[in-house]
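Breakdown of the fold
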Amino acid sequence: MNKKWMKPATFLLLAGVVGVTGLTLANTKVAHADSEKGKLFAAAEQLKLDKNTYVIDQKTADVNGDKVDDTVYLVGVKEKADDIYASNMNLVVQNGKTKAYSKTDMKDLGGYEGELTLLDFTGDHVADAFVKTATGGSGGIYNHVVATFADNKPAVIFGEKENEGINYEGSFVNGFKVEGKSAQLDKPLTIDVSANQDVYVAAKLYDKAGKVLLADADTSVMTYPFGSLTPIDMDGNGTYELVGEQRIVGINNTDTVSRINSVWGYQADGKWNPWEVEYSTFVKKHPGEAINTMVGK
């Protein structure tokens, strides 16, 4: 059986602390107004970025804690201005007081229609940068990054590892069920998949009595990284949490066994911990075109 999602090549390869480049406006003739969303990034050469680096998104807020608004650019490399895909994405900050530039190092981040949001996730009352971009794969997966620039020290605090979310692994077992576990959950999780039993019987995964027929290698299930991740201030204290949704996937890319919804908060130890986790059990489930195609073979 042709199994599973393959991790996109555009996925994040990020260090916990990223490099800083300080270039003052006095050393360049770049005008602030020249760097606008959809246009070539005017400071690309000074920051040693690709000449085809465009401004994907742009926001203004105090991100270093000096009480002066800074300009934050989400930039990426595109062949032409109207392309919706960008590679080598980066976050660049122009200090509102000194006009110096600093940047993260996200050379392997790429995706479609990148978005930038500035909110406080750490609780220091200084805005952080939240980036969202679609991988474009059939799994509906998004890349997400959170970076902080407090005290002019760029650091990625949410990257590839955090974007895995609740990393659940399990397998189909007798009785039209899935059993599995996750390091982020206190106990094993069993999911009723009987709503899809007709498809599973037709695919020869189960017999009609609910006994698993396939070998272990063909009965595994797994979570995909976040399909959505949204900043929400859950307790109204001005510090934002991340609310995400993931799919648990079965016999192929479109077989959604369950959905996991979770709320994540940034902790004083620098880690993101799940505050709440819930999952779905289907009462009724449409078989889906891809599953029907597989069953018909």
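The preceding data block contains the structure.
Here we summarise the structure given alongside this text. Quantities reported herein were computed from a predicted structural model and do not represent experimental measurements. (Residues numbered from 1 in each chain as written. Predicted model: local features only at pLDDT ≥ 70, side-chain atom pairs only at ≥ 80, totals over all residues. Heavy atoms only, no water.)

**A closer look at the packing of aromatic side chains**
- The full count for this structure, using the stated rule, is 12 aromatic pairs.
- Measuring from centroid to centroid gives 6.4 Å for Phe41 and Tyr101, while their planes differ by 90°, and the two rings are edge-to-face. Taken together, the positions of Phe41 in the segment before β1 (53-61) and Tyr101 in strand β4 (residues 101-103) put the pair 60 residues apart, joining distant regions of the chain.
- On the basis of relative accessibility, which here comes to 3%, the residue Phe41 falls in the buried class.
- For Tyr101, a relative accessible area of 3% gives the class buried.
- Note on Phe226 and Trp264: the rings are 6.4 Å apart at their centroids and 90° apart in plane angle, and the pair reads as edge-to-face. Taken together, the residues span a long stretch of sequence, with Phe226 in the loop between β12 (220-223) and β13 (228-232) and Trp264 in strand β15 (residues 256-266) at a distance of 38 residues. (Phe/Tyr/Trp six-rings, centres within 6.5 Å; stacked < 30°, edge-to-face > 60°. Helix = DSSP H or I, 4+ residues; strand = E, 2+ residues; numbered from the N terminus. Buried < 20%, exposed > 50% of the residue type's maximum accessible area, 1.4 Å probe, protein only.)

**Quick look at the layout of surface pockets**
- Approximately 310 Å³ is the volume found for the largest pocket.
- In terms of lining residues, the largest pocket is bounded by Lys161, Glu162, Glu164, Gly165, Asn167, Gln184, Trp264, Gly270, Lys271, Trp272, Asn273 and Pro274.
- Secondary structure elements with two or more residues in the lining of the largest pocket: α1 (160-163) and β16 (272-279).
- Per element, the largest residue contribution to the lining of the largest pocket is three residues, and it comes from β16.
- Broken down by class, the residue content of the lining of the largest pocket amounts to three nonpolar, five polar and four charged. (1 Å grid on protein atoms, 1.4 Å probe; cavity = no way out; pocket = protein on both sides within 12 Å on 5 of 7 lines; lining within 4 Å. Points joined across faces, edges and corners; volume = space filled by probe spheres on them. Nonpolar A, V, L, I, M, F, W, Y, C, P; charged D, E, K, R; others polar.)

**Focus: a nonpolar patch on the surface**
- Together, Ile232, Met234 and Trp275 line one region of the surface with nonpolar side chains, adding up to about 280 Å² of accessible area.
- As for its placement among the helices and strands, Trp275 is situated in strand β16.
- The class for Trp275 is partly exposed, based on a relative accessible area of 43%. (Patch = residues over 30% accessible without salt bridge, like charges linked within 9 Å, V, L, I, M, F, W, Y side chains within 5 Å. Areas by Shrake-Rupley, 256 points an atom, 1.4 Å probe, with all protein chains shown as cover. Salt bridge = Lys/Arg side-chain N within 4 Å of Asp/Glu carboxyl O.)

**Brief notes about unusual backbone geometry**
- Backbone geometry places Glu113, a non-glycine residue, at a positive phi of 50°.
- Inspection of the secondary structure assignment puts Glu113 in strand β5 (residues 111-119).
- The exposure class assigned to Glu113 is exposed, which follows from its relative accessible area of 56%.
- Notably, Phe176 is not glycine yet its phi reads approximately 55°, a positive angle.
- Within the fold, Phe176 resides in the loop between β9 (168-173) and β10 (177-182).
- Residue classification places Phe176 among the buried positions, given a relative accessible area of 7%.

**Here's the deal with the pairing of strand β2 (residues 70-77)**
- A large share of β2 lies buried, amounting to eight of its eight residues.
- A two-sided burial pattern is seen for β2, the buried positions comprising Asp70, Val72, Leu74 and Gly76 on one face and Thr71, Tyr73, Val75 and Val77 on the other.
- In the sheet, β1 pairs with β2 via eight bridges, with the strands oriented antiparallel. The partner of Thr60 across the bridge, within β2, is Thr71.
- For β2 and strand β3 (residues 85-94), the ladder comprises six bridges, and the chain directions are antiparallel. The residue bridging Leu74 from the neighbouring strand is Leu91, located in β3. (Pairing = 2+ DSSP bridges.)

**A closer look at the pairing of β15**
- Among the 11 residues that make up β15, eight are buried, leaving the element largely enclosed by the rest of the structure.
- Two strands pair when backbone bridges link them, and strand β14 (residues 241-249) and β15 are joined in this way by eight bridges, in the antiparallel orientation. The residue of β15 that forms the bridge with Arg247 is Arg259.
- Where β14 hands over to β15, the hairpin turn is made up of six residues, counted between the paired strands.
- Bridging between β15 and β16 involves seven bridges; their strand directions are antiparallel. Counted as the bridge partner of Gly265 is Asn273 from β16.
- Between the end of β15 and the start of β16, which pair antiparallel, lie five residues, with Gly270 showing a positive phi angle near 85°.

**Examining the environment of Gly111**
- As for its position among the elements, Gly111 is in strand β5.
- The exposure class assigned to Gly111 is buried, which follows from its relative accessible area of 0%.
- Ignoring anything within four residues of it in the chain, the contact list for Gly111 reads Ile84, Tyr85, Ala86, Met89, Thr133 and Ala134. (Contact = heavy atoms within 4.5 Å.)

**Describing the pattern of salt bridges**
- Applying the stated criterion to the full structure yields six salt bridges.
- We note a salt bridge from Asp57 to Lys59, for which the minimum N-O separation is 3.1 Å.
- Among the residues examined, Asp57 registers a relative accessible area of 5% and is labelled buried.
- Between Lys80 and Asp83 there is a salt bridge, and its shortest N-O distance comes to 3.1 Å.
- With relative accessibility at 44%, the residue Lys80 sits in the partly exposed group.

Note that all results are geometric; they support no functional claim without further evidence.
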